[in-house]
Structures are given as C-alpha cells and as structure tokens.
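Given next are the chains, with one letter for each unit.
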Amino acid sequence: MDAMTSTTRLLPPLRIGPLEVDTPVVLAPMAGITNAAFRRLCREHGGGLYVAEMVTSRALVERTPESLRIIAHDPDETPRSVQVYGVDPATIGAAVRMICEEDRADHIDMNFGCPVPKVTRKGGGAVLPWKRDLFRDIVRAAVREASRFDIPVTVKMRKGVDDDHLTYLDAARTAEREGVSAVGLHARTAAEYYSGEADWSSIARLKDAIRTIPVLGNGDIWQAEDAIRMVEETGCDGVVVGRGCMGRPWLFADLQAAFEGRPERVRPGLRTVADTIYRHGELMVAHFGDDEDKAMREIRKHMSWYLKGYPVGGEVRRSLGLVSTLAELRSILDTLDLDSPYPGAEAEGPRGRQGSPRVPACPDGWLDTQDITPDLELRLREAELSVSGG
Ligand SMILES: Cc1cc2nc3c(=O)[nH]c(=O)nc-3n(C[C@H](O)[C@H](O)[C@H](O)COP(=O)(O)O)c2cc1C
C-alpha cells in the first residue's frame, strides 16, 4: 500500500526544518477561527499543519491570559504551530524565546500578511516588508531565538502594499537568507484586501526565485481541486487553506485524498453538518474553560458557513445566529430536516470575508522610502499594541 501511495502522490511530504508533514497542506492562521477547538475538527479529517490564530508578541511577553489561550494546544496536537505578529525585533525576539524556552510550540509562523487597517496603520502586517531592514531584523531576531531550540520559523506574507509597492520577492529572499524554513504567499496585495481573485502567477514567480526552502501558495482554495490546480500551475511545495474550510472542516479529508491521488470527497448531508456544529460547540465550551456564553458567541459566526447551500429557512438561521446555550443549539439543530442530502455546488465556492479594494492605511510617509528612520523606529516600538488579525 505504501509503495502505491508514494507513486500516486502529487507532492512529497512538506519539510519545514526538522518537521515532516505528510500531506502538504497548511490550515491558514485565522484570528477568531483557528483556535484549538476548530483545529481539532479539521485535524480529525486529514493530515497537514494546523496553525493557531495570530498572537501579538507584546501580549505574549506580557503573558496576557488571552495570548496564552491562543497558543495553547490540545495534548494530542502535533506539531504544535503558532503564529506571531509584531513590529519590533526586540519584542519579537523575547516572545519567540519565551515560546521556545517554555516548550510551547514546534513551529512558529510570522505574520506579514495582515491587511486590517488597525494593523497596517502601525506599520505592521502586510505593509511591514516594505521596510526592508526592519523586516530583516524581525525575521533575524525570531530565527536567532528559535534556532537554538531547532524550532523552524516560517513567514507568511502578501504580494506587497499595492501594485506599485510589491515586496514579496525581495522579502522572501531576505527570509531565505536569514534562515527561515518556508515562505507562504497570499497572492494579493494589502490594497486588494480579500477582493477579486488571488494572483497565482505571483506564487509561480516566488517559486522560481526561492530555491532552498519550500514555497507555500495561498489564496482562493475552495475545494481540493483548486489545491491541485495551484500546485500544477505554480509549482508550489504546499498549499495554505483559509476561508475554504470555514464551516467545512472535512475539506482536509478531500485535500489529503486529492494529494494522494484518490477520488473520494466528503459530501455530508445535513445530519452530519448539524452533528459537526454541535460538536464544534462542545469543543468551544471546553476551549473557553466552560464559559458557555463566550463559546456560543464565537460559534454563531460559523453558522452561515456550515449551512451554506443547505435547505434551512431564514428564521432558523437567525435563531442559530443568536444561540446562547448548548442545549438551545441542540434543540434548534433537531428542528432541521436532517435527512437532506448534500446540496452540491451551492454548498461550495467562496465563503467568508471578501471586502473591496482600499488604499492601505500606513504610518505617515511610510511609502516614501524603504529605509527606516530613528523617529519611525521609536514610533513602531510604541505601536506594539494588542491587535488581532487578518
Ligand atoms: C477571519 C480571518 C482571519 C484571519 N486571520 C489571520 C491571521 O491571524 N494571520 C494571518 O496570517 N492571516 C490571517 N488571515 C488570512 C488567511 O490566513 C489567509 O491568508 C487568507 O484568508 C487567504 O487565504 P484563503 O483564500 O484560503 O482564505 C485571516 C483571514 C480571515 C478570513
């Protein structure tokens, strides 16, 4: 069987430093989504690397309870993957040191892709690589600390600020030189936000430019066939899947099957979907330390994704969107027509954030030069605030 599997595999296992990931699929870090509860649901379906929500380096260094919750993993979760965000090399270095010394993760990804205004306005996320030296110093600090523990660091970035300020090729070469173990590219600029279509040709260009570490492609994988097409069109070494798995954790079963050359796809009827929603609710309650109220507030946003395309009326959808206890969740789910089969194409396709193009908010004068001035350095250090992402 093994021999057969290896001959039909589309890609070899993904090697991220010392880690070997059999299925070359990464669950994209998504703030407010990819907590340990959701990761468990996803992991149960297929192989891959499942990244936690982003955490700010400052919050980690301050040991805020929320930041420690974000980087916590279930005991059976391996490898343990976290994503760190920050704009100051010293704080990033301290946060990475803390994660490594305290054995809190096996892989650290760095967020240089967030386009949310409250992040980019401070010079963080997707607009940071424009400041070449700052980007290098942040990556260097993270790799320096993590490499002492043989923990791989990866970077996740966008194409750049906008079409006139592209950064990804330069930044990826720098990251490669500084010793990161893989680079991931969400093939949009910050200005594009989540609009339009991801430009997979930029992933192909990145793959041409980066020879010694894996290149991971990201953007608009809604079904397993999209992942295969991305690999074929770009030559990337693995794929990063975000919105496509929201309300569809079984996508990871499809992805594993597709990468192993198998035709099976999970096409759940409404009963399975309802059971998954309930289970997600239970896992969320456990994740939030039995705070049922908080867990139910968090699960509400998943409802429309889970139910996309299924015959569920507006009234029931609305009541699910207001659910406040597990018991209430169960009783509403029990009113559904649970024998409804998989609805087909209507359950597929884009879901989640779309947004429209926008001029990215940047600190004053940010785009005037790629160099960093002492004044800006000071302001950035002060800007290490608690933010959560995208
Ligand atoms: C709700 C939401 C939260 C996100 N949070 C993060 C984050 O914390 N860190 C990050 O690097 N990207 C974040 N992203 C971006 C995704 O990781 C991913 O790059 C993006 O959604 C494109 O992939 P997709 O087309 O497969 O969704 C977020 C996206 C969404 C929709």
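Residues numbered from 1 in each chain as written. Predicted model: local features only at pLDDT ≥ 70, side-chain atom pairs only at ≥ 80, totals over all residues.

This is how the line gets drawn: UniProt positions are given in the numbering used here, feature names are shortened, and annotations may be inferred rather than shown by experiment.
Per an unreviewed UniProt entry, the recorded name for the chain is tRNA-dihydrouridine synthase, and the organism is Demequina lignilytica. Its UniProt record, at the heading Cofactor (unreviewed entry), says of the chain: "FMN". The Function (unreviewed entry) field of the UniProt record for the chain holds the comment "Catalyzes the synthesis of 5,6-dihydrouridine (D), a modified base found in the D-loop of most tRNAs, via the reduction of the C5-C6 double bond in target uridines."

### Structural notes on the overall build of the chain
Which entries qualify depends on this criterion: Helix numbering and strand numbering both begin at the N terminus, where a helix is a DSSP run of H or I of at least 4 residues and a strand a DSSP run of E of at least 2. To get the radius of gyration, use the C-alpha atoms; to get the globule rule, take the number of residues to the power 0.38 and multiply by 2.2 Å. With C-beta atoms placed from the backbone, a residue is buried if 20 or more other C-beta atoms are within 10 Å of its own, exposed if 12 or fewer are, and partly exposed between those counts. Think of it this way: build a C-beta for each residue from its backbone, and any pair within 7 Å is a contact.
Within the chain, the regular secondary structure consists of 17 helices and 10 strands. The C-alpha atoms of the chain give 21 Å as radius of gyration, which agrees with the globular expectation for 390 residues (21 Å, within 12%). Once the C-alpha set of the chain is aligned to its principal axes, its extents read approximately 65 × 50 × 40 Å. Looking at the chain residue by residue over its 390 residues, the buried ones come to 50%. Relative to all contacts within the chain whose residues are 6 or more apart in sequence, the contacts with residues 24 or more apart total 73%.

### Concerning the UniProt feature "active site" (unreviewed entry) in the chain
The feature "active site" (unreviewed entry), as annotated in UniProt, sits at Cys 114 in this numbering. Relative to the helices and strands, Cys 114 resides in the loop between strand S6 (107-112) and helix H6 (117-120). On the basis of neighbour count, Cys 114 is assigned to the buried category, with 26 C-beta atoms found within 10 Å.

### Concerning the nonpolar core
What counts, and what does not: By convention in this section, buried Ala, Val, Leu, Ile, Met, Phe, Trp, Tyr and Cys residues joined through C-beta atoms within 7 Å make up a nonpolar core.
Ranked by size, the top nonpolar core spans 114 residues in total, and within it Ile 108, Ala 142, Val 183, Val 239 and Val 241 carry the most contacts. Ranked by residue count, the leading element in this core is helix H7 (residues 132-147), at eight residues. When residues no more than four places from it in sequence are discounted, the contact partners of Ile 108 are Val 82, Val 84, Val 96, Ile 99, Ala 142, Ala 146, Ile 151 and Val 153.

### Notes on the domain arrangement of the chain
Quick reminder of the rule: Domain start and stop positions are those given by an automatic or database domain assignment. Classes in brief: Ala, Val, Leu, Ile, Met, Phe, Trp, Tyr, Cys and Pro nonpolar; Asp, Glu, Lys and Arg charged; the others, Gly included, polar.
Taken domain by domain, the chain consists of domain 1 (12-266 + 355-379) and domain 2 (270-341). Each of domain 1 and domain 2 has a C-alpha centre, and these two points are 29 Å apart. Tallying the contact residues gives nine residues for domain 1 and 10 residues for domain 2. Its residues assigned to classes, the side of domain 1 that touches domain 2 shows six nonpolar, two polar and one charged.

### Thoughts on the UniProt feature "binding site: FMN" (unreviewed entry) in the chain
Mapped onto the present numbering, the UniProt feature "binding site: FMN" (unreviewed entry) falls at Pro 29, Met 30, Ala 31, Gln 83, Lys 156, His 186, Gly 242 and Arg 243. Within the element layout of this structure, Ala 31 appears in the loop between strand S3 (25-27) and helix H2 (36-43). A tally of 20 C-beta atoms within 10 Å means that Ala 31 is categorised as buried. Ignoring anything within four residues of it in the chain, the contact list for Gln 83 reads Pro 29, Val 51, Ala 52, Met 54, Val 55, Asp 109 and Asn 111.

### Topic: the sheet that holds S6
Let me state the cut-off plainly: Between any two strands, pairing holds if DSSP finds at least two bridges. To define axes, lines are fitted to C-alpha atoms, for helices over the stretch in contact only, and angles between the resulting N-to-C directions are given on a 0 to 180 degree scale.
Strand order in the closed barrel formed by eight strands is S3-S4-S5-S6-S7-S8-S9-S10, and the pairing between neighbours is parallel. Pairwise comparison of adjacent strand axes, ignoring direction, gives a mean angle of 30° for this sheet. Bridge count for S3 against strand S10 (residues 238-241) is three bridges, and the pairing is parallel. If you follow Val 25 over to S10, its bridge partner there is Val 239. The strands touched by helix H5 (residues 89-101) are strand S5 (81-85) and S6; relative to S5, the strand with the most contacts, the crossing angle is about 160°.

### A closer look at the packing of H2 against helix H12 (residues 270-287)
Quick reminder of the rule: If an angle is under 35 degrees, it is roughly parallel; if it is over 145, roughly antiparallel; if it lies from 65 to 115, roughly perpendicular; otherwise it is oblique. Handedness of a helix crossing follows the sense of rotation of the near helix relative to the far helix, less than a right angle counterclockwise being left-handed and clockwise being right-handed.
With their axes 8 Å apart at the nearest point, H2 and H12 run at an angle of 140° to one another. By the angle between their axes, H2 is oblique relative to H12. In the packing of H2 onto H12, the handedness of the crossing is right-handed. Between H2 and H12, the residues in contact are Ala 36, Ala 37, Phe 38, Arg 40 and Leu 41 and Thr 276, Arg 279, His 280, Leu 283, Met 284 and His 287, respectively. Tallied by class, the residues present in the contact of H2 with H12 amount to six nonpolar, three polar and two charged.

### Remarks on helix H11 (residues 251-259)
By the criterion of burial, H11 is predominantly enclosed, with seven of the nine residues buried. Residues Leu 251, Phe 252, Asp 254, Leu 255, Gln 256, Ala 258 and Phe 259 constitute the buried set of H11. Where H11 is buried, its residues contact S3, H2, helix H10 (224-234) and S10. Two residues or fewer after H11 comes Gly 261, characterised by a positive phi angle close to 75°.

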